[in-house]
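Coordinate analysis (summary)
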Amino acid sequence: QVQVVESGGGLVQPGGSLRLSCAASGSISSVYAMGWYRQAPGKERELVAVIISGGTTTYGDSVKGRFTISRDNAKNTVHLQMNSLNPEDTAVYYCNANARVTGWNVATDYWGQGTQVTVSS
């Protein structure tokens, strides 16, 4: 129905940068918002960044000033530029798309499988 696929995770040194990408595809009528969430071992999943179709963005407090989210609405693709990474950013990063499928007027959250980001010296 709707597929969400992330890419770009990996191992990076503290202070380094990484760019994650996510694409939503399938029987999509419209995508209202796309975003990134992360979950570290033993911790709850938390908001990283969200962008709506109009361009408004929301960031988690811990990443403000370091991460930037962008989106190509026509391609249902979102990117997360991660700068000044520190070990606390280590987590599995999940992409989310809030979308409507064709023939249905209810927006639903769809999740990707996640991509591992490890920040270590």
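Residues numbered from 1 in each chain as written. Predicted model: local features only at pLDDT ≥ 70, side-chain atom pairs only at ≥ 80, totals over all residues. Heavy atoms only, no water.

This next bit is on the overall build of the protein chain. A tally of helices and strands in the protein chain yields zero helices and 11 strands. In sequence order, the protein chain lays out its α and β elements as β-β-β-β-β-β-β-β-β-β-β. For the protein chain, whose C-alpha radius of gyration is 14 Å, the value lies close to the compact-globule estimate of 14 Å for 121 residues. Each principal axis of the C-alpha atoms in the protein chain carries an extent, and together these give about 50 × 25 × 20 Å. Residues counted as buried form 41% of the 121 residues belonging to the protein chain. At a minimum sequence separation of 6, the contacts of the protein chain that also span at least 24 residues come to 56%. Carbon and sulfur atoms form 48% of the exposed surface of the protein chain, whose accessible area is close to 6,300 Å². Positive and negative side-chain charges in the protein chain, numbering 9 and 8 respectively, have mean positions lying 6 Å apart. (Helix = DSSP H or I, 4+ residues; strand = E, 2+ residues; numbered from the N terminus. Rg over C-alpha atoms; globule rule 2.2 N^0.38 Å. Buried < 20%, exposed > 50% of the residue type's maximum accessible area, 1.4 Å probe, protein only. Contact = heavy atoms within 4.5 Å. Areas by Shrake-Rupley, 256 points an atom, 1.4 Å probe, with all protein chains shown as cover. Lys, Arg positive; Asp, Glu negative; His and termini not counted. Charge placed at Lys NZ, Arg CZ, Asp CG, Glu CD.)

All right, on to the side chain of His79 then. Following the sequence through the fold, His79 ends up in strand β8 (residues 77-82). In terms of polar contacts, His79 uses its side chain to reach the side chain of Ser21, at 2.9 Å. In contact with His79, not counting residues within four places along its chain, are Arg19, Leu20, Ser21, Trp36, Thr68, Ile69 and Ser70. (Polar contact = N/O pair within 3.5 Å; in protein donor to acceptor, adjacent residues only side chain to side chain.)

With that out of the way, let us pick up the nonpolar core. Membership of the largest hydrophobic core comes to 31 residues, with the highest contact counts inside it found for Trp36, Leu80, Met82 and Tyr93. Taken together, the elements giving at least two residues each to this core come down to β1 (2-7), β3 (18-26), β4 (28-39), β5 (46-52), β7 (67-72), β8, β9 (91-101) and β11 (115-119). Among the elements that line this core, the one with the most residues is β9, at six residues. What Leu80 contacts, discounting residues up to four positions off in sequence, is Leu18, Arg19, Leu20, Trp36, Val48, Ala49, Phe67, Thr68, Ile69 and Tyr93. (Core = buried A, V, L, I, M, F, W, Y, C linked by side-chain atoms within 4.5 Å.)

Moving on, we get to the layout of surface pockets. What the largest pocket holds in volume is close to 150 Å³. What lines the largest pocket is simply Arg38, Gln39, Ala40, Lys43, Glu44, Glu46, Pro87, Glu88, Thr90 and Ala91. Residues belonging to the lining of the largest pocket are distributed by class as follows: three nonpolar, two polar and five charged. (1 Å grid on protein atoms, 1.4 Å probe; cavity = no way out; pocket = protein on both sides within 12 Å on 5 of 7 lines; lining within 4 Å. Points joined across faces, edges and corners; volume = space filled by probe spheres on them. Nonpolar A, V, L, I, M, F, W, Y, C, P; charged D, E, K, R; others polar.)

A few words on unusual backbone geometry. Most peptide bonds take the trans form, and the phi angle of most residues other than glycine is negative. Of note in the backbone geometry, Asn76 takes a positive phi value of approximately 50 degrees without being a glycine. Among the structural elements, Asn76 can be located in the loop between β7 and β8. Overall, Asn76 belongs to the buried group, its relative accessible area being 17%. Phi is positive for Ser84, which is not a glycine, with a value near 50 degrees. Take Ser84: it is sitting in the loop between β8 and β9.

This paragraph deals with the state of the cysteines. What we call a disulfide is simply a covalent bond connecting the sulfur atoms of a pair of cysteines. Here the structure, examined in full by the defined rule, presents one disulfide. A disulfide bridge connects Cys22 with Cys95, and the sulfur atoms are separated by 2.0 Å. Disulfide Cys22-Cys95: the torsion about the S-S bond is -85 degrees, which places it as left-handed. Remark: Cys95 occurs in strand β9 and Cys22 occurs in strand β3; sequence separation between them is 73 residues. (Disulfide = S-S within 2.5 Å.)

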